[in-house]
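# Notes for the structure review
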Amino acid sequence: MSIIEETNDFNRVLKIEAFSVESVFNEYYDRLVYFSYKIVKDKLDAEDIVQESFVRYWKRRNNIAHDKALIKSYLYSTVKNISLNLIRHQQVVKGFETQFFIRLTDEENVIHKIIQAEVFSKIHNAIESLPAACQKISRMGYIDGMKNHEIASELGISVNTVKTQKQRGAKILRVKLIPEFIACIIWILIYL
């Protein structure tokens, strides 16, 4: 047998194999995609899985009997295994993302709590530097959240006196607390 005849025989075998793989692909592709889609719930993933299954079949075609039922069985089990592996991988990724998000959220909460503690410490220090009457009324109004009439009733003074003392306290606090700090306080009180 000459080299040309051997090459022609080899090409004929390749054409037969290509034709049989192509016919198997054409016959099973759509149903394998549907089968994979039912597992992974994503059409693009299902198509990729089926293509990967045919690549694996092509690589192992000499080890698989040329019986259509065995090829079909091989393709279905390969699609099933790749689909299940993808789902497992997605669950691992999702679990990691969840853990990462929880850690990130916890870290953000810790940072916010540190900032909040620092801001409240500065506010308390600034209020403590106010004159005694102004300090008491400011603390009751700004920290305890009491209304002017409640403060007046509790201290036995007029509502106007409460308003005057709060205004005086706010004026002194504005001078003691820089504007950026006041903006930070407002942000913390609103958003945290």
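Treat the numbers as computed from the prediction; the structure is a model and nothing was measured.

What follows concerns the overall build of the chain. Looking only at helices and strands, one finds seven helices and zero strands in the chain. In sequence order, the chain lays out its α and β elements as α-α-α-α-α-α-α. Put simply, of all contacts in the chain between residues at least 6 apart along the chain, 58% involve residues at least 24 apart. Here the chain has roughly 13500 Å² of accessible surface; of this, 59% comes from carbon and sulfur atoms.

Turning next to the nonpolar core. Membership of the largest hydrophobic core comes to 18 residues, with the highest contact counts inside it found for Leu32, Val50, Phe54, Tyr57 and Leu75. Contributing elements (two or more residues each) for this core: helix H1 (3-40), helix H2 (43-60) and helix H3 (68-128). Tallying contributions element by element places H1 first for this core, with seven residues. One finds Ile123, Ile127, Cys134 and Leu173 within the second-largest nonpolar core, a separate group that totals eight residues.

The subject of this paragraph is H2. Over its 18 residues, H2 runs 26 Å from end to end, which matches the ideal 26 Å to within 8%, given 1.5 Å per residue. Residues Ala46, Glu47, Ile49, Val50, Ser53, Phe54 and Tyr57 constitute the buried set of H2. Projected down its long axis, H2 shows its buried positions confined to an angular sector of 160°, all on one face. In H2, the exposed positions that point more than 90 degrees away from the buried face belong to Leu44 and Lys59.

As for its position among the elements, alanine 133 is in helix H4 (residues 132-143). Sequence-wise, alanine 133 and glycine 169 are 36 residues apart; in three dimensions their C-alpha atoms are separated by 9.5 Å.

Next up on the list: the packing of helix H5 (residues 148-155) against helix H6 (residues 159-176). The contact between H5 and H6 brings their axes to 8 Å, and the two run at 110°. By the criterion of interaxial angle, the relationship of H5 to H6 is roughly perpendicular. Handedness of the H5/H6 crossing: right-handed. Contacts between H5 and H6 pair Asn148, His149, Ile151 and Ala152 from the former with Val159, Val162, Lys163 and Lys166 from the latter.

What the rule picks out here adds up to four aromatic pairs. Grouping aromatic residues by their ring pairs yields a cluster made of Phe25, Tyr29 and Phe54. The side chain of arginine 61 reaches across the aromatic face of tryptophan 58, ending 3.6 Å from its centre.

This next bit is on unusual backbone geometry. Even without glycine at this site, lysine 41 takes up a positive phi of about 65°. Inspection of the secondary structure assignment puts lysine 41 in the loop between H1 and H2.

Right, let's talk about the side chain of serine 138 for a bit. Turning to its location among the elements, serine 138 is positioned in helix H4. Setting aside its immediate chain neighbours within four residues, serine 138 contacts Leu130, Ile143, Gln165 and Gly169.

This paragraph deals with the confidence of the model for the chain. In the predicted model, the chain carries a mean pLDDT of 79, and 74% of its residues have values of at least 70. H2 holds the highest mean pLDDT among the elements of the chain, 93, whereas helix H7 (residues 179-191) holds the lowest, 60. The model gives residues 6-16 a pLDDT under 50, and that stretch makes two contacts with residues more than four places away or in other chains.

This brings us to the side chain of glutamine 165. Along the chain, the position of glutamine 165 falls in helix H6. Of the residues examined, glutamine 165 reaches a relative accessible area of 12% and is grouped as buried. At a separation of 3.4 Å, a polar atom in the side chain of glutamine 165 contacts the main-chain amide nitrogen of cysteine 134. Residues within four places of glutamine 165 in sequence aside, it is in contact with Ala133, Cys134, Ile137 and Ser138.

Basis of the calculations
Residues numbered from 1 in each chain as written. Predicted model: local features only at pLDDT ≥ 70, side-chain atom pairs only at ≥ 80, totals over all residues. Heavy atoms only, no water. Helix = DSSP H or I, 4+ residues; strand = E, 2+ residues; numbered from the N terminus. Contact = heavy atoms within 4.5 Å. Areas by Shrake-Rupley, 256 points an atom, 1.4 Å probe, with all protein chains shown as cover. Core = buried A, V, L, I, M, F, W, Y, C linked by side-chain atoms within 4.5 Å. Buried < 20%, exposed > 50% of the residue type's maximum accessible area, 1.4 Å probe, protein only. Expected span 1.5 Å × (residues − 1). Arc of directions from axis to C-beta. Axes fitted to C-alpha atoms, helices over the stretch in contact; angles between N-to-C directions. Parallel < 35°, antiparallel > 145°, perpendicular 65-115°, else oblique. Left-handed = near helix turned anticlockwise from the far one by under 90°. Phe/Tyr/Trp six-rings, centres within 6.5 Å; stacked < 30°, edge-to-face > 60°. Lys NZ or Arg CZ within 6 Å of the ring centre and 35° of its normal. pLDDT = per-residue confidence, 0-100. Polar contact = N/O pair within 3.5 Å; in protein donor to acceptor, adjacent residues only side chain to side chain.

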